[in-house]
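For reference, the chains in residue letters:
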Amino acid sequence: MASLLRNSPLGNTTLFPNSFPQAQKHDSYTCCRRGISFAVRAGHSPPISTTSLPQDGSGRRQVLAAGVFASCVSVTNKKSVSFAAETKKGYLLVTDNKDGYSFLYPFGWQEVVIEGQDKVFKDVIEPLESVSVNLVPTGKQDIREVGSAQEIAETLIRKVLAPPTQKTKLIEAKEHDIDGKAYYTFEFIAQAPNYTRHALSAITIGNGKFYTLTTGANERRWEKMKDKLHTVIDSFKIVNV
């Protein structure tokens, strides 16, 4: 496994900071975790005053979703005809024509900027509900050149996707093809002292990059969120650019 790390694009774990947000609620759009600040990406609608929001989670979610609708719509307008992904009711489509990838995320999640991540969207009410995309340069041409689905999943979970202080468990890892391109997807749990996150990841290689998309939720909300999170994972694809 040490050889896998040395010879793969996974060796430098600092390339994937903050893969797991802290399990705390934020009543504003600017937050901080472990000294790395992140804020709503420039160009989005101004923050909504939380003092006027209803106190129950569902009411706050509706107000926030309405407030960010205009900014979120601009994301879907970046769609390219080169992508086969389509919007789905309850989701918004993100396409990155420069780096060659697309995916869906649930409507109402807010885009934030986190250093070291290419894209991040999260629920401001349930911060463990998020999706992030990370890119690492690589000379490999195919994910299967790096290792098997289980090997890479175990390495990423242990070395990258969860802090070393958390207990992790790989539930399942598998391979599938999209348009002749190999992807690995896996499901895992990361347990911290005060919360447990249930997560899904999809990884692939193309365009000289190692792509990692990770989404998840608090374990207590997994049954409610798992279908949405699987939709996010299943929508992820890359194209040649």
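What counts and what doesn't
- Residues numbered from 1 in each chain as written.
- Predicted model: local features only at pLDDT ≥ 70, side-chain atom pairs only at ≥ 80, totals over all residues.
- Heavy atoms only, no water.
- Helix = DSSP H or I, 4+ residues; strand = E, 2+ residues; numbered from the N terminus.
- Buried < 20%, exposed > 50% of the residue type's maximum accessible area, 1.4 Å probe, protein only.
- Contact = heavy atoms within 4.5 Å.
- Areas by Shrake-Rupley, 256 points an atom, 1.4 Å probe, with all protein chains shown as cover.
- Salt bridge = Lys/Arg side-chain N within 4 Å of Asp/Glu carboxyl O.

### Here we look at the overall build of the protein
Consideration 1: Tallying secondary structure elements over the protein gives five helices and twelve strands in all.
Consideration 2: Within the protein, the proportion of its 241 residues that are buried is 52%.
Consideration 3: In the protein, of all internal contacts separated by at least 6 residues, the share reaching a separation of at least 24 is 54%.
Consideration 4: If you sum the accessible surface of the protein, you get close to 11400 Å²; carbon and sulfur atoms cover 49% of it.

### Structural notes on the side chain of Thr185
Consideration 1: Tracing the backbone through its elements, the reader meets Thr185 in strand β9 (residues 181-191).
Consideration 2: Take Thr185: its relative accessible area is 8%, and that puts it in the buried class.

### Observations concerning the pattern of salt bridges
Consideration 1: Taken as a whole, this structure holds eight salt bridges when the rule is applied.
Consideration 2: Between Arg220 and Glu126 there is a salt bridge; the shortest N-O distance is 2.9 Å. Taken as a pair, Arg220 in the loop between β11 (209-218) and α5 (222-235) and Glu126 in the loop between β6 (119-122) and β7 (130-137) lie far apart in primary sequence, 94 residues in all.
Consideration 3: Note on Glu126: relative accessible area 12%, which makes it buried.
Consideration 4: Here Asp142 ties to Arg144 by a salt bridge, and the two come within 2.9 Å at their closest N and O atoms.
Consideration 5: Judged by relative accessible area, which is 17%, Asp142 ranks as buried.
Consideration 6: Sharing partners across several salt bridges, the network here consists of Asp142, Arg144 and Glu175.

### So, the environment of Leu93
Consideration 1: Within the fold, Leu93 resides in strand β3 (residues 91-96).
Consideration 2: Owing to a relative accessible area of 0%, Leu93 belongs among the buried residues under this scheme.
Consideration 3: For the pair Leu93 and Phe107, spaced 14 residues apart in sequence, the C-alpha separation works out to 9.4 Å.

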